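Below are the chains, spelled out letter by letter.
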Amino acid sequence: TRFLLADMAPLSFATPTSSPAAATSALRAPRSARRAVLAAPVARISSSSSGAALTAATALVAGAPSPAQAFLGFGGQTAQDRYTADTSEMISKTNALLAMPRDDPGKKDAVAEVRTLTNVWVAKYRRDDRFAGKPSYGNMYSVLNAISGHYNSFGPEAPIPKKRLERITKELSDAEKLLSRNR
């Protein structure tokens, strides 16, 4: 099994005896503007044309600015920022679900969406000690567990009992406060 980035095509390699142009064209480039650059034949640079080639290469690289991409966790959004964004999204989706009336036709879909997001959120942060020890994680996990347990036992149409709903609402507001303080 080969693991490739989402925007990469499968890789194939040229034999050691093939020409540089064949090696360049044998390697399939990402499906973007870089394809043309990587598929272009490789030219031999003589000492007299090295200045022109360097100028052309610099213009080629500098001519097409592209946004910086995070690669292997370097650059881009930090893990704390992702946790904050994901948890805020979970809080808003959960609040929207709790605010829905019992007979809302979209409630089944909302419950299914929150259930899916819960599984993703828990799987992502449960084993990471940087987040699993946070009070906001504990409160949010408790809320999601209570909601999932209720809907698994009684179905998506069953109303959440008043006492449980009050506890869930309080823990959600506490999780939101703690999250705003990076706790």
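As a reminder, the structure under discussion sits directly above these lines.
Residues numbered from 1 in each chain as written. Predicted model: local features only at pLDDT ≥ 70, side-chain atom pairs only at ≥ 80, totals over all residues. Heavy atoms only, no water.

### Some remarks on the pattern of salt bridges
Should the charged atoms of two oppositely charged side chains come close, the side chains can pair. Taken as a whole and assessed by the stated rule, the structure comprises 6 salt bridges. A salt bridge links Asp-128 to Arg-130; the nearest nitrogen and oxygen atoms lie 2.8 Å apart. With relative accessibility at 54%, the residue Arg-130 sits in the exposed group. (Salt bridge = Lys/Arg side-chain N within 4 Å of Asp/Glu carboxyl O. Buried < 20%, exposed > 50% of the residue type's maximum accessible area, 1.4 Å probe, protein only.)

### Looking at the environment of Tyr-137
By the secondary structure assignment, Tyr-137 is in helix H7 (residues 135-154). Taking the relative accessible area as the measure of exposure, Tyr-137 reaches 6% and is therefore buried. Along the sequence, Tyr-137 and Thr-87 sit 50 residues apart, while their C-alpha atoms lie 8.2 Å from each other. Other than its neighbours up to four places away in sequence, Tyr-137 contacts Tyr-83, Trp-121, Val-122, Tyr-125, Arg-126, Phe-131 and Ala-132. (Helix = DSSP H or I, 4+ residues; strand = E, 2+ residues; numbered from the N terminus. Contact = heavy atoms within 4.5 Å.)

### Looking at the environment of Tyr-151
In this structure, Tyr-151 sits in helix H7. The spacing of Tyr-151 and Arg-115 is 36 residues in sequence and 9.2 Å in space, taken between C-alpha atoms. Here Tyr-151 is in contact with Leu-97, Lys-107, Val-111, Arg-115, Pro-156, Ala-158 and Ile-160, once residues within four sequence places are set aside.

### So, empty space enclosed by the protein
A probe matching the size of a water molecule, rolled over the atoms, marks out where space remains unfilled. One pass over the full model with this rule turns up 1 cavity of 30 Å³ or more. Estimated volume of the largest cavity: approximately 40 Å³. Lining the largest cavity are Val-111, Val-114, Arg-115, Thr-118, Ile-147, Ser-148 and Tyr-151. Listed by contribution, the elements that provide at least two residues to the lining of the largest cavity are helix H5 (107-125) and H7. Take the lining of the largest cavity: its biggest share by element is 4 residues, from H5. (1 Å grid on protein atoms, 1.4 Å probe; cavity = no way out; pocket = protein on both sides within 12 Å on 5 of 7 lines; lining within 4 Å. Points joined across faces, edges and corners; volume = space filled by probe spheres on them.)

### Quick look at unusual backbone geometry
Although it is not a glycine, Asn-182 adopts a positive phi angle of roughly 60°. Its relative accessible area of 48% is what places Asn-182 among the partly exposed residues.

### A word on the side chain of Lys-134
Here Lys-134 shows up in the loop between helix H6 (129-132) and H7. Of the side chains with opposite charge, Asp-81 lies nearest to the buried Lys-134, which makes no salt bridge, at 9.8 Å. Engagement of the side chain of Lys-134 in a polar contact is seen with the backbone oxygen of Asn-182, the distance being 3.2 Å. The residues touching Lys-134, leaving out its near neighbours within four places in the chain, are Gln-80, Tyr-83, Asn-182 and Arg-183. (Lys, Arg positive; Asp, Glu negative; His and termini not counted. Polar contact = N/O pair within 3.5 Å; in protein donor to acceptor, adjacent residues only side chain to side chain.)

### A word on the nonpolar core
If you look at the biggest cluster of nonpolar residues, it comprises 25 residues, and the most contacted ones within it are Tyr-83, Leu-97, Trp-121, Met-140, Ile-147, Ile-168 and Leu-172. When residues of this core are traced back to their parent elements, those giving at least two are helix H4 (79-99), H5, H7 and helix H8 (162-180). When residues of this core are assigned to their parent elements, the largest contribution, 7 residues, is made by H7. Each residue touching Ile-168, except ones within four places of it in the same chain, is listed here: Leu-98, Val-143, Ala-146, Ile-147 and Ile-160. (Core = buried A, V, L, I, M, F, W, Y, C linked by side-chain atoms within 4.5 Å.)

### Overview of the packing of aromatic side chains
Per the stated rule, a full pass over the model turns up 7 aromatic pairs. Judged by centre distance (5.3 Å) and plane angle (85°), the ring pair of Tyr-125 and Phe-131 falls under edge-to-face. Comparing Tyr-125 with Phe-131 shows no difference in burial state: the two are buried. (Phe/Tyr/Trp six-rings, centres within 6.5 Å; stacked < 30°, edge-to-face > 60°.)

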